[in-house]
Amino acid sequence: MIASQTHLRAAVLTILSSLAPQAAAATPNCHCYLTDGSSPEYFANHKFFDFRNIANPQVPPPIDDRDGSTNAPVANAYFDSTNFTDTWSIQSWVDAGAVYNTYSKNDVYIESNTDANPASSTYLTLRTYRHPAGDFQSSAEIQSISPNYQYLSMRMYSRTLGAAGAVAAMFTYRGGATDADVQEADLEILTSDPSNLVHYTNQPSTVDGITRPNATHEITIPGPWTSWRTHRYDWTPGTSSWYVDGELVNANSFQAPADPATILFNAWSDGGSWSGAMAEGQSAQMQIQWIEIIYNNTAEPSQYGHCANVCSFDSGTEPGVPLLVSSGP
Ligand SMILES: *[C@@H]1O[C@H](CO)[C@@H](O)[C@H](O)[C@H]1NC(C)=O
Ligand SMILES: *[C@@H]1O[C@H](CO)[C@@H](O)[C@H](O)[C@H]1NC(C)=O
Ligand SMILES: *[C@@H]1O[C@H](CO)[C@@H](O)[C@H](O)[C@H]1NC(C)=O
């Protein structure tokens, strides 16, 4: 009896070990990643955050109390898992705008995808909500723990829905002693705008009350941001380039960020002139199925010691899955 169990276990181990090399062969051994588009670059690292099938999706009821909202716990156990916490932190801080606005963990959650033909089971939602009670807004923000991303290609498969008076954004940020010293590249969707207009900016767009018109471009994108689209920002030396569904929609070298930065996603409103004021009881949501970050410049592959196997995330069919595109000596 014991002998035959041992025998069986040995047979299973043999099968498993014969399968393992095949499974490994499916994912290429990538030394660096080459992006496509108008300013292709080689990057050393990659992260993929897949929100399409997360357990226990639930839309948290709003917390109609300022302090309760600011101090809320995370809305899903996923946000306490290392998959998330190794890279991101959900923000909770108060922005004393025209309307009191607090960033709350309660407004960052995993929701069931109830689309007619859903492309996923769940997605991440960043919500901003104007509480009818307590006269305040609560908002959502996730921020990278590392402030040291330098050059990247970041993508999100997302849509933005909901009431006017919100900003939904994907951006890089590096603070400075003065407004003039800030380095920040923004993709901003204003829910009061036509649904195909996006603002792309290399901040600062205003310094000491003087606007810098070249910092910002208002672009009509190929289709509405209320539908699922891949929004992509490429930060390469000297240039910011933004893409929608693989199509370049804006490139701006004026004030392109230069130094290492933090990555952020948010949905917010503070009643000010940029976001506008949201009506009480209304909300807006930026919903995200996945986020991909290809980051940190590496050596040119001519220095093949650094990167023999070049992979791409733009040539494959599955988001987040690399394809080997060339192999050096
Ligand atoms: C963490 O990521 C791994 C690999 O993608 C996945 O198998 C696992 O289910 C994830 N865990 C959670 C809690 O999402
Ligand atoms: C990017 O590369 C720099 C230089 O090697 C490093 O200091 C930094 O930590 C890297 N950033 C991340 C997010 O790993
Ligand atoms: C701003 O843009 C205008 C028009 O494209 C250009 O003529 C000007 O040189 C730019 N200014 C700077 C500081 O880049």
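Everything quoted here is computed from the prediction, not taken from an experiment. (Residues numbered from 1 in each chain as written. Chains lettered and ligands numbered in written order. Predicted model: local features only at pLDDT ≥ 70, side-chain atom pairs only at ≥ 80, totals over all residues. Heavy atoms only, no water.)

Section: the overall build of the chain
Of regular secondary structure, the chain possesses three helices and 22 strands. Taking all 329 residues of the chain together, the buried fraction comes to 48%. (Helix = DSSP H or I, 4+ residues; strand = E, 2+ residues; numbered from the N terminus. Buried < 20%, exposed > 50% of the residue type's maximum accessible area, 1.4 Å probe, protein only.)

Topic: the pattern of salt bridges
Counting across every chain of the model gives ten salt bridges. With a closest N to O distance of 3.1 Å, Asp115 and Arg159 form a salt bridge. Linking Asp115 in the loop between strand 6 (108-112) and strand 7 (122-131) with Arg159 in strand 9 (residues 152-162), this pair joins segments that are 44 residues apart in sequence. Of the residues examined, Asp115 reaches a relative accessible area of 22% and is grouped as partly exposed. Overlapping salt bridges, with partners in common, bring together Asp36, Arg155, Arg232, Asp234, Glu292 and Asp314 in one network. (Salt bridge = Lys/Arg side-chain N within 4 Å of Asp/Glu carboxyl O.)

Quick word on the site of ligand 1
Within the structure, ligand 1 sits among Tyr78, Ser81 and Asn83. In the model, an oxygen atom of ligand 1 is placed 2.2 Å from a nitrogen or oxygen of the Asn83 side chain. For ligand 1, the protein covers 27% of the area, taking 370 Å² as the surface of the free molecule. (Near = heavy atom within 4 Å. Polar contact = N/O pair within 3.5 Å; in protein donor to acceptor, adjacent residues only side chain to side chain. Areas by Shrake-Rupley, 256 points an atom, 1.4 Å probe, with all protein chains shown as cover.)

Here's the deal with unusual backbone geometry
Residue Pro204 follows Gln203 across a cis peptide bond; omega there is 5°. Tracing the sequence through the fold places Pro204 in the loop between strand 12 (197-203) and strand 13 (206-207). Here the phi dihedral of Tyr151 falls at roughly 75°; this positive angle occurs in a residue that is not glycine. Relative to the elements of secondary structure, Tyr151 occurs in the loop between strand 8 (136-144) and strand 9. The phi dihedral of Asn296 is positive, around 65°, even though this residue is not glycine.

Notes on the side chain of Gln203
Position of Gln203 among the secondary structure elements: in strand 12. At a separation of 3.0 Å, a polar atom in the side chain of Gln203 contacts the side chain of Asp186. Polar contacts involving the side chain of Gln203 include one to the main-chain amide nitrogen of Ser205, which spans 2.9 Å. With sequence-adjacent residues up to four places away left out, Gln203 is seen in contact with Val182, Gln183, Glu184, Asp186, Glu188 and Gln255. (Contact = heavy atoms within 4.5 Å.)

Some details on the pairing of strand 9
Taken residue by residue, a regular strand's side chains alternate between the two faces of the sheet. Buried residues dominate strand 9, accounting for eight of its eleven residues. One ladder, built from seven bridges, connects strand 9 with strand 16 (residues 229-236); its direction is antiparallel. Note that in strand 16 the partner of Ser158 across the bridge is Arg229. As paired strands, strand 9 and strand 20 (residues 283-297) are joined by eleven bridges and run antiparallel to one another. Pairing of Tyr157 across the sheet is with Trp290, part of strand 20. (Pairing = 2+ DSSP bridges.)

By themselves, these are just geometric observations and shouldn't be taken as functional.
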